[in-house]
Amino acid sequence: MNRVYEPTNDQLVYHYCSAETLCAILESRNIRFTDINMLNDATETQWGYAAFEEAATRLIKRIDIPDITPKISINFCDSVDEILSRAQLIVHPFISCFSLDGDNLGQWRAYADDGRGFAVGFRASMLKQLPVTMLSVEYNRENQIKEMMAALLAIHVRKNLDEESGRGEFFEDCVLTATYFAGLKHSAFQEEKEIRCVHAVNVKMEKEIMHFVDGQNSCEDWKNQPVKFQVRDNHLCAYIDLPFWHLNGQHPISEIYLGPKNHSVAENVLLYLGGLGYSNVDIRMSNIPYR
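Every chain begins its residue count from 1, and numbering advances along the sequence as written. With pLDDT at 70 or above as the cut-off, local features in this predicted model cover only qualifying residues; side-chain atom pairs require 80 or more to be listed or tallied, and sums for whole chains, interfaces and linings still use all residues. To get the side-chain values, all heavy atoms of the structure are used, and hydrogens and water are removed first.

J.: Give a detailed account of the overall build of the chain, specifying residues and quantitative values.
T.: Starting at the N terminus, helices and strands are each numbered in turn, a helix being any DSSP run of H or I of at least four residues and a strand any DSSP run of E of at least two. Scanning the chain from N- to C-terminus turns up 8 helices and 11 strands. Using C-alpha atoms as the atom set, the radius of gyration is obtained and then compared with a globule rule of 2.2 Å times the number of residues to the power 0.38. At 21 Å, the chain has a C-alpha radius of gyration in line with the 19 Å of a compact globule built from 291 residues. Principal-axis analysis of the C-alpha atoms places the extent of the chain at approximately 65 × 45 × 40 Å. Looking at the chain residue by residue over its 291 residues, the buried ones come to 48%. Put simply, 81% of the contacts in the chain that link residues at least 6 apart link residues at least 24 apart. Note on areas: Shrake-Rupley with a 1.4 Å probe; residue coverage comes only from the protein chains shown. Here the chain displays about 15200 Å² of accessible surface, and carbon together with sulfur accounts for 49% of that area. Across the chain, the centroid of the 28 positively charged side chains sits 2 Å from that of the 40 negatively charged ones. Throughout this description, buried means an accessible area under 20% of the type-specific maximum (1.4 Å probe, protein chains only), exposed means over 50%, and partly exposed covers the range between. Whether two residues are in contact is decided by their heavy atoms: any pair within 4.5 Å suffices. The charge count includes Lys and Arg as positive and Asp and Glu as negative, but it does not include His or the ends of the chains. Working definition for charges: the position is that of NZ of Lys, CZ of Arg, CG of Asp or CD of Glu.

Structure representation (structure tokens):
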């Protein structure tokens, strides 16, 4: 599943948001990551798992599988499934969504207050310094299934190389595969050109109490952040805010687009940014004639 996003030094990714959310990002100097189960796509959590099911079926039944491909048993797929099905109770993905396109009508409508909001352009190379995995979202269903088949074959080969010592690696490979489900979406969302930041949070059971514990950070100097809850559309939604300002003493915001129905004065936006300490941020106007 080779879709870990590797940006160039000057590559920007854009987060579409309302004016209120823009202020929250700039003033808190945080990026919010939301529980994957509470995102806008209603099939979000099932889509990747369905790709796994189809991939396992093809491998087991040898549907269009070259003879040279190792044979995979039902028992093996069941052992993978046992871990995948409970992976979110071990390591839980929190997501922040970005796009490669900073001026897209569909995203203005869906995520930026119907065009009245903003699109914040972040330097992708700086975002990668956060304790996150950045994934290029795959929308093509056949590609998703083939990627999942490749992942299953890789797990199978690694497991068979050393059955005894490979048990820990097998478990970790399955949990990682489940986390990568976050990068598979329905083709209807293809125009979003999404880059998805995934921050993994541990789920702990202590004295019959289950709770989130942020501890998946590879950076030794990174302070773990608390997982909090808010009520959104009458539902409890878990989230975690990750600070971005400390990245090499710089901030990752390079430019901000004003939506096609946003009547803010560009100079006022610059003055607002300057008052908060942000420098070298370009203000751009949407080129879309949307009313």
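After presenting the structure, the write-up continues.
J.: Break down the pairing of strand S10 (residues 253-258) for me, citing the residues and quoting the values.
T.: By the criterion of burial, S10 is predominantly enclosed, with 6 of the 6 residues buried. Being paired, for any two strands, means DSSP has found at least two bridges between them. As paired strands, strand S4 (residues 118-123) and S10 are joined by 5 bridges and run antiparallel to one another. When the bridges of S10 are listed, glycine 121 appears paired with glutamate 255. Bridging between S10 and strand S11 (residues 282-285) involves 4 bridges; their strand directions are parallel. Among the inter-strand pairings, tyrosine 257 is bridged to a residue of S11, identified as arginine 284. At this point the chain moves from S10, through helix H8 (residues 266-275), to the parallel S11, and the crossover so formed is right-handed. We call a crossover right-handed when, viewed with both strands directed away from the observer, the connection leading from the first strand over the helix to the second proceeds clockwise.

J.: So what's going on with the packing of helix H2 (residues 44-61) against helix H3 (residues 74-84)? Residues and values would help.
T.: At their nearest, the axes of H2 and H3 sit 10 Å apart, and the two run at 170° to each other. One finds that H2 runs roughly antiparallel with respect to H3. Between H2 and H3, the contacting residues are Tyr49, Phe52, Ala56 and Ile60 on the first element and Ile74, Cys77, Val80, Asp81 and Leu84 on the second. Amino acids outside the nonpolar list (Ala, Val, Leu, Ile, Met, Phe, Trp, Tyr, Cys, Pro) and the charged list (Asp, Glu, Lys, Arg) are all regarded as polar, and Gly is one of them. Among the residues making up the contact of H2 with H3, the classes are represented as 8 nonpolar, no polar and 1 charged. Between the N-to-C directions of two axes lies an angle of 0 to 180 degrees, each axis being a line fitted to C-alpha atoms and, for a helix, fitted only over the stretch in contact. Under this scheme an angle from 65 to 115 degrees is roughly perpendicular, one under 35 degrees roughly parallel, and one over 145 degrees roughly antiparallel; angles in between are oblique.

J.: Quick rundown of the environment of phenylalanine 181? Include the residues and the values.
T.: Residue placement: phenylalanine 181 occurs in the loop between helix H7 (167-180) and strand S6 (194-206). For the pair phenylalanine 181 and glutamine 46, spaced 135 residues apart in sequence, the C-alpha separation works out to 8.8 Å. When neighbours within four sequence positions are excluded, phenylalanine 181 is seen to be in contact with Gly48, Tyr49, Phe52, Leu84 and Met148.

J.: Pulling in residues and values, what's your account of the pairing of strand S2 (residues 30-35)?
T.: Burial runs high along S2: 5 of the 6 residues are buried. As defined by bridge partners, S2 adjoins strand S9 (residues 235-243) across 5 bridges and the pair is classed as antiparallel. Bridged to isoleucine 31 within S9 is leucine 242. As defined by bridge partners, S2 adjoins strand S3 (residues 91-99) across 2 bridges and the pair is classed as antiparallel. Bridge assignment links aspartate 35 to a residue of S3, and that residue is phenylalanine 94.

J.: Please set out unusual backbone geometry residue by residue, giving values where relevant.
T.: At aspartate 113, a position not held by glycine, the phi torsion is positive, near 55°. Within the fold, aspartate 113 resides in the loop between helix H4 (105-111) and S4. Classification of aspartate 113 as partly exposed rests on a relative accessible area of 38%. Positioned with a positive phi, asparagine 280 is a non-glycine residue whose angle comes to about 55°.

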